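# Report on the structure
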Amino acid sequence: MRTTLLFAVILFGTIYLPVAAGESELICGYDTDRIGLRYRVEITETSGGEFDTGAYHVQVWRYGNQVAYVYEEQAITEIWDLVSDGRQKLIRYFDAHQRAIEYQPEDVHGGSGEEAWSARYHLVSSEEREKLHQIGGSGDDCDSTIVFRSSENDHTEIEWRPVFAAPAMLRRSEPGKEIVWTLDETISDGSRVDAEFSRRHHYVTTDFVDIGDNESDPFLTQMMHLGFIEDGHSH
């Protein structure tokens, strides 16, 4: 699937700002600030009466003021940190190469404020959810699901699981395109969450602003040609 399509669909939003790891309360045995969620993402595009469908898997891991997106098929992981001034920093890991690019908050576009962080953390922001209409629900307590839908041509539909503070299903549509995120696994084992955030610490990391000084690096040159990174001096 095209790189632009991969990164165009990750910014959906939340319910509250997370607290530091270890301070949140368990809800039905789940710590929503220390959890893993695996989604199947399907994208359907229509043109001239023809359908083109693709799918991939994204793992979303939360740990306190960090959230990680693991793109399984692409072997790319993005770990976002909420820093003290409300901005976000990013480290993008290329797992097949054991390399990483680190972006400071000033290098990240659209990455500041409570609502921007919530969009990373919970896939659907509280501001957006408040604009949707609750049209139904099922289950009680730990098994409850709440269904929301937008009032304008059903462009957005959410099956919200409060116990995970995340959607079990998220559907967004626009003319010619539909994107559906479906939750197919949850990971509540704290040791697995911890391991996901620590297992890449040994990767060779390059600061984004230093990329222009390392153009002889074959890895950086390859990633720039593929469109995953750009010359830090030109940003």
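To be clear, the structure that these remarks concern was listed above.
Described below are features of the structure shown in this document. (Residues numbered from 1 in each chain as written. Predicted model: local features only at pLDDT ≥ 70, side-chain atom pairs only at ≥ 80, totals over all residues. Heavy atoms only, no water.)

Another point: the overall build of the chain. When you go through the chain residue by residue, the secondary structure sums to 5 helices and 12 strands. Within the chain, the proportion of its 235 residues that are buried is 48%. Counting every atom, the chain has about 11500 Å² of accessible surface; 45% of that belongs to carbon and sulfur. (Helix = DSSP H or I, 4+ residues; strand = E, 2+ residues; numbered from the N terminus. Buried < 20%, exposed > 50% of the residue type's maximum accessible area, 1.4 Å probe, protein only. Areas by Shrake-Rupley, 256 points an atom, 1.4 Å probe, with all protein chains shown as cover.)

What follows concerns helix H2 (residues 114-121). Summarising burial for H2: 6 of the 8 residues are buried, a large majority. Within H2 the residues assigned to the buried category are Ala116, Trp117, Ser118, Ala119, Arg120 and Tyr121. Looking at the buried side of H2, the elements it contacts are strand E2 (50-63), strand E3 (66-71), strand E4 (76-82) and strand E5 (88-94). Looking at the residues trailing H2, positive phi occurs at Leu123, about 75 degrees. (Contact = heavy atoms within 4.5 Å.)

Turning to helix H5 (residues 218-226), a few remarks are in order. For H5, the full list of buried residues reads Phe219, Leu220 and Met223. Down the axis of H5, the buried set is contained in an arc of 95 degrees. They therefore lie on one face. More than 90 degrees from the buried face of H5, the exposed residues found are Pro218 and His225. Its side-chain oxygen 2.9 Å from the backbone nitrogen of Phe219, Asp217 forms the N-cap of H5. Downstream of H5 by a residue or two, Gly227 has a phi angle that is positive, lying close to 90 degrees. (Arc of directions from axis to C-beta. Polar contact = N/O pair within 3.5 Å; in protein donor to acceptor, adjacent residues only side chain to side chain.)

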